[in-house]
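The chain contents come next:
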Amino acid sequence: MRTPDAPTHATGAMHRRSRPAVVAAALAAVFLGTLGNVSAAPARAAVEPTDGQPVAADCPPALAEKATCYTGQDENGAYYTMAVPHRWNGSLVVHAHGGPDLGDASDPARSTEDLGRWAVMVDEGYAWAGSSYRRGGYGARMAAADTENVRRLFTDRFGRPERTYLHGQSWGGNVAGKVAETYGGRPGAYDGVLLTNGVLGGGSRGYDYRVDLRVVYQYYCHNHPRPTEPQYPLWQGLRAGSTMTTAGLRARLQECTGYASDPADRTVPQQRNLDDILAVTGIPERTLESHLRFATFTFRDIVANRLDGRNPWSNRGVRYTGSHDDKALNAGVERFSADPTARRDLSYDSDLTGKVSLPVLTMHAIDDPTAFVEHEAAYRATLRGAGRGGNLVQTFTEEHEHSSLSDSEYANSIAALDTWVSTGHRPSPRAIAASCAAFDATYGDGCFYDPGFRPAPYASRVLPRPGGLTWPAMTAARERAWSRIQGVGIAP
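What counts, and where the lines are drawn
Residues numbered from 1 in each chain as written. Predicted model: local features only at pLDDT ≥ 70, side-chain atom pairs only at ≥ 80, totals over all residues. Heavy atoms only, no water. Buried < 20%, exposed > 50% of the residue type's maximum accessible area, 1.4 Å probe, protein only. Helix = DSSP H or I, 4+ residues; strand = E, 2+ residues; numbered from the N terminus. Pairing = 2+ DSSP bridges. pLDDT = per-residue confidence, 0-100. Contact = heavy atoms within 4.5 Å. Axes fitted to C-alpha atoms, helices over the stretch in contact; angles between N-to-C directions. Polar contact = N/O pair within 3.5 Å; in protein donor to acceptor, adjacent residues only side chain to side chain.

Caption draft 1: The arrangement of the pairing of strand E7 (residues 192–196) in detail. With respect to burial, E7 is a largely interior element, five of its five residues being buried. Side chains Gly192, Leu194 and Thr196 project from E7 onto one buried face, and the interleaved Val193 and Leu195 project onto a second face that is buried too. Looking at chain direction, strand E6 (residues 164–169) and E7 are connected through five bridges and run parallel. By the bridge assignment for E7, Gln169 is matched with Thr196. As judged from the four bridges shared by E7 and strand E8 (residues 360–365), these two strands associate in the parallel manner. Bridging across to E8, Val193 finds its partner in Val360.

Caption draft 2: Main features of the confidence of the model for the chain. Model confidence for the chain is summarised by a mean pLDDT of 90, while 89% of its residues fall at 70 or above. Taken as a whole, residues 1–52 scores under 50 in pLDDT and shows 97 contacts with residues more than four places along the chain or in a different chain.

Caption draft 3: The arrangement of the sheet that holds strand E5 (residues 127–131) in detail. Ordered by their spatial adjacency, nine strands build an open sheet running E1-E2-E3-E5-E4-E6-E7-E8-E9, and the pairing between neighbours is mixed. Each edge of the sheet is formed by a strand with only one pairing partner; in this case those strands are strand E1 (55–57) and strand E9 (392–397). For this sheet, the mean inter-axis angle between neighbouring strands, taken without regard to orientation, is 20°. Across seven bridges, the pairing between strand E2 (residues 67–73) and strand E3 (residues 79–85) is antiparallel. Bridge assignment links Cys69 to a residue of E3, and that residue is Ala83. Relative to the sheet, helix H2 (residues 110–117) contacts E2, E3, strand E4 (92–96) and E5, its axis offset from that of E3 by approximately 30°. Taken strand by strand, helix H15 (residues 429–443) contacts E8 and E9, and its axis lies near 50° from that of E9.

Caption draft 4: Focus on the side chain of Arg266. Relative to the assigned elements, Arg266 resides in the loop between helix H8 (246–257) and helix H9 (268–281). A distance of 3.2 Å separates the side chain of Arg266 from the backbone oxygen of Ser261, its partner in a polar contact. If sequence neighbours within four positions are ignored, Arg266 has contacts with Thr257, Gly258, Tyr259, Ser261, Gln271, Leu274 and Glu285.

This is how it looks when you write it as structure tokens:
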């Protein structure tokens with residue numbers, strides 16, 4: 001993601017700082033048909049930190065001359081980073097990061113790195129706060145609690161912002177969606193939600209295509225595990241005691257498919273294996289290794305570390321198609337059924353009910369190779385199933401990446417959400433697309449919206465399990481019932 005350099009003279013700085021208010025007014029004119037005056041929020045100066053509060057720290061290079069940055073560690077052990085622009089517009093963006101990263105402890109660098117990646121929010125005048133979460137590994141509710149905690153820490157330190165927006169990217173979209181549903185109804189907590197390239201299908205269904213990859217890969221490759229190695233059910237991802245590394249996994253994938261080689265250098269069996277795996281799973285070749293890595297190491301974390309060895313996955317009743325011999329594939333692929341309590345706990349932790357009372361704006365790359373754009377169809381069906389479809393506006397871009405989108409589009413999106421919240425007028429995707437050019441005049445990395453795009457149903461991309469076609473995957477009523485079960489979910 002491109003981050004612009006700081007202005008080098010006063011005139012440029014004043015132009016950059018005044019533009020958000022001008023564009024917000026223009027957005028209001030597009031949405032409302034009238035041009036009103038949008039006043040800029042008063043500037044607020046950062047104050048010196050006190051004991052037990054965030055302490056001043058170096059900002060990422062992109063923000064070194066534009067903001068004052070702070071770091072700290074909360075009572076749960078989660079490291080966090082905050083930034084307050086020198087010309088603060090009075091509002092806050094609370095960021096939920098993707099992943100999940102693996103490891104036993106909070107990563108002190110993660111939130112600072114994310115601030116650097118989304119410096120555009122601070123460039124636009126917003127304060128920013130993000131948590132690294134108290135530990136690595138899976139746990140959407142844990143990450144949501146840590147995200148809410150960093151908002152409270154910011155408010156304790158700097159006062160209540162004029163408006164507070166949630167931003168979630170990738171798995172952070174799932175986390176931010178959970179924050180909105182769990183804490184968003186509290187007065188004064190949050191005003192709106194921006195989800196970008198979000199994993200919005202939830203945990204109980206959102207990884208089914210990786211379940212399919214895990215079993216289809218093993219059917220063709222027979223090397224994960226090898227016949228000479230200890231055997232284990234593939235729903236474990238990787239057996240708990242294995243010392244396999246990511247480099248070792250890549251070597252096995254290369255051995256079987258030649259995925260890292262020029263096609264001309266692959267053997268005939270390698271090319272056929274690769275063709276069959278890609279055709280059956282629908283996973284893009286360029287992200288095959290990262291998806292298999294998730295289906296190996298993150299699956300192991302979910303099963304062994306979070307669900308006490310219980311299986312949350314199923315592929316019973318799934319018919320795999322697209323290979324050179326579907327009959328043999330379906331007869332030979334490993335099959336298994338989920339433990340109902342494991343599936344319940346994963347669902348309770350990560351599935352979204354759609355019961356959100358805030359304006360939610362999403363932006364998703366149509367060709368996202370990691371979180372397929374069909375996640376947006378699942379989320380739309382989830383909110384509609386909860387009777388909250390009017391709270392959602394979805395936008396789509398003709399981009400091909402997962403980890404970052406255009407800075408012009410990020411700036412445009414947060415401005416569109418802010419205008420929606422301040423005016424109460426729900427924007428159209430076409431109006432949002434039209435407003436992007438004003439931001440691209442500054443950031444210059446392009447606007448790629450396709451206002452007419454609508455994603456196909458989730459089941460068109462990810463093979464559904466029996467009974468897995470309706471949304472929400474977990475209703476609000478079921479969430480309430482499950483919440484009364486002692487020990488339900490994933491422990492923080």
